[in-house]
Amino acid sequence: MRYQKYRVLALVIIATCLWTVGAEAQGNWRPGDFGSWRFFLGISEPKCDSQFWDDYFYDFNGSSSSFSDLVFGTDYLWRTSQYGGVLFGISFYSGKSTLAYRDWVDADGQDISHTTTLSLSDLTAAYVLKYGRSSVRPYVGGGGGMVWWQFREEGYFIDFSDEVNLPIFFGNYRADGLTWELFALAGLDFRLGRSWSFFFEGRYRWSEDELNKDFAGFGTIDLSGAQLAGGFSYNF
């Protein structure tokens, strides 16, 4: 399965990042050029590209954009050379949307709706390369890590097992797990002085996992998606 490939590649990338720190950090470190502590806030939107999501949006009136929501986090850049370093980070995202059946309403003609929440929290490591020595410096990078996810539904549903009455009931369903991810990033860093800068950055994550608990047997949930964020960093 694809998520097994993500696991292997993520482990290789993380191991490479850690080896790079040990191999380069001491030889290239200079006072005042050690690294950066960064904080960011942005928007993340899942791709929702799996059979589970296709079936889900066939039944309910939503799309991947329904889960576009805030993402925030912090990371630490360990400078291993003049132009490169290892970025260790953590981020948090929770996308929530109210969805309703496309083809069914209640006896009063009102939507039968529920709230769906997709939450992601990840712990990552990446190698980043910066270009140039001006006040505006582009950078690119790639890495891997682990992502904790939760998929939850709460609201009103139709009991299709009762084909005669089709009763409406209140339900609460959940699935969660821990899986691997790969990601790529690119951004621009604007230096405000020796110690401070602000940045704009885009990321894309590749990840998936098998559904479980209340959704066991429903297949694979795609956790991939894009992220656009801005923030500031303290450089030391």
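Note that the structure is a prediction, hence the values are computed from the model and not measured. Throughout this document, residue positions are counted from 1 along each chain, in the order its sequence is written. Only residues with pLDDT of at least 70 are given local features in this predicted model, and only at 80 or more are side-chain atom pairs given and counted; all residues enter the totals for whole chains, interfaces and linings. Neither water nor hydrogens contribute to the side-chain values; these are computed over all heavy atoms in the structure.

A.B. asks: Which parts of the structure should I look at to understand the overall build of the chain?
C.D. replies: Numbering of helices and strands runs from the N terminus; a helix is a DSSP stretch of H or I covering at least four residues, while a strand is a stretch of E covering at least two. The helix and strand tally for the chain stands at 2 helices and 10 strands. Taken from N to C terminus, the helices and strands of the chain fall in the order α-β-α-β-β-β-β-β-β-β-β-β. Here the chain holds 236 residues, and 43% of them are scored as buried. Residue contacts follow a heavy-atom distance rule, with two residues in contact if any of their heavy atoms lie within 4.5 Å. Taking the intrachain contacts of the chain between residues at least 6 apart in sequence as the baseline, contacts between residues at least 24 apart amount to 70%. Accessible surface computed for the chain: about 12200 Å², of which carbon and sulfur atoms make up 59%. The buried label goes to any residue with under 20% of its type's maximum accessible area, the exposed label to any with over 50%, and the partly exposed label to all in between, with areas taken from a 1.4 Å probe on protein chains only. Using a 1.4 Å probe, the Shrake-Rupley method yields the accessible areas, and only the shown protein chains count as cover for residues.

A.B. asks: What is the right way to read the confidence of the model for the chain from this model?
C.D. replies: Caution applies to low-pLDDT regions: their predicted coordinates should not be interpreted in detail. Scored from 0 to 100, pLDDT reflects the predictor's confidence in each residue. The predicted model of the chain averages 89 in pLDDT, with 86% of residues at 70 or higher. pLDDT under 50 marks residues 12–27. Its contacts with residues more than four places away, or in other chains, come to 27 contacts.

A.B. asks: Sorry if this is basic, but what is going on with the side chain of Lys130 here?
C.D. replies: Examined against the element boundaries, Lys130 turns out to sit in strand S4 (residues 111–130). Once residues within four sequence positions are removed from consideration, Lys130 is found in contact with Leu77, Tyr83, Arg137, Pro138, Tyr139 and Asp189.

A.B. asks: Help me understand the sheet that holds S4 in this model?
C.D. replies: Hydrogen bonds between backbone groups are what pair the strands of a sheet, and the pairing can be parallel or antiparallel. The strand order S1-S2-S3-S4-S5-S6-S7-S10 describes a closed barrel built from 8 strands, whose pairing is antiparallel. For this sheet, the mean angle separating the axes of adjacent strands, direction not counted, is 25°. We treat two strands as partners when DSSP finds at least two bridges between them. Pairing geometry for strand S1 (residues 35–46) and strand S10 (residues 225–235), over 11 bridges, is antiparallel. Its bridge partner lying in S10, Ser44 is registered against Gln227. Each of strand S3 (84–105), S4 and strand S5 (136–158) touches helix H2 (residues 51–59); the most contacted strand, S3, lies at about 35° to it. Lines fitted to the C-alpha atoms define the axes, with helices restricted to the stretch that makes contact. Angles between their N-to-C directions range from 0 to 180 degrees.

A.B. asks: Sorry, what's going on with the pattern of salt bridges here?
C.D. replies: Two side chains of opposite charge can pair, provided their charged atoms sit close to one another. Criterion for a salt bridge: a side-chain nitrogen of Lys or Arg within 4 Å of a carboxyl oxygen of Asp or Glu. Going through the model one piece at a time under the given rule, you end up with 9 salt bridges. Here Lys213 and Asp176 are joined by a salt bridge, their closest N and O atoms 3.0 Å apart. Pair noted here: Lys213 is in the loop between strand S8 (208–210) and strand S9 (220–222) and Asp176 is in strand S6 (residues 168–191), with a separation of 37 residues, a long-range link. Taking the relative accessible area as the measure of exposure, Asp176 reaches 13% and is therefore buried. For Arg205, the salt bridge is made with Glu181, and the minimal N-O distance between the two is 3.0 Å. Of this pair, Arg205 sits in strand S7 (residues 196–206) while Glu181 sits in strand S6, placing them 24 residues apart in sequence. The residues Arg205 and Glu181 share a single accessibility class, namely buried.

A.B. asks: What should I look at first to understand the nonpolar core in this one?
C.D. replies: Buried together is how nonpolar side chains tend to be arranged in soluble globular proteins. With 24 residues, the main nonpolar core has Phe52, Trp53, Tyr56, Leu118, Trp149, Phe151 and Ile221 as its most contacted residues. It is S5 that contributes the most residues to this core, 5 residues altogether. Excluding its chain neighbours within four sequence positions, the residues that come into contact with Leu118 are Pro46, Trp53, Phe67, Tyr93, Ser94, Gly95, Gln150, Phe151, Ile221 and Leu223. The definition of a nonpolar core used throughout is a set of buried Ala, Val, Leu, Ile, Met, Phe, Trp, Tyr and Cys residues joined through side-chain atoms within 4.5 Å. Listed in part, the 10 residues of the second largest apolar core include Leu77, Ala126, Val128 and Leu185.

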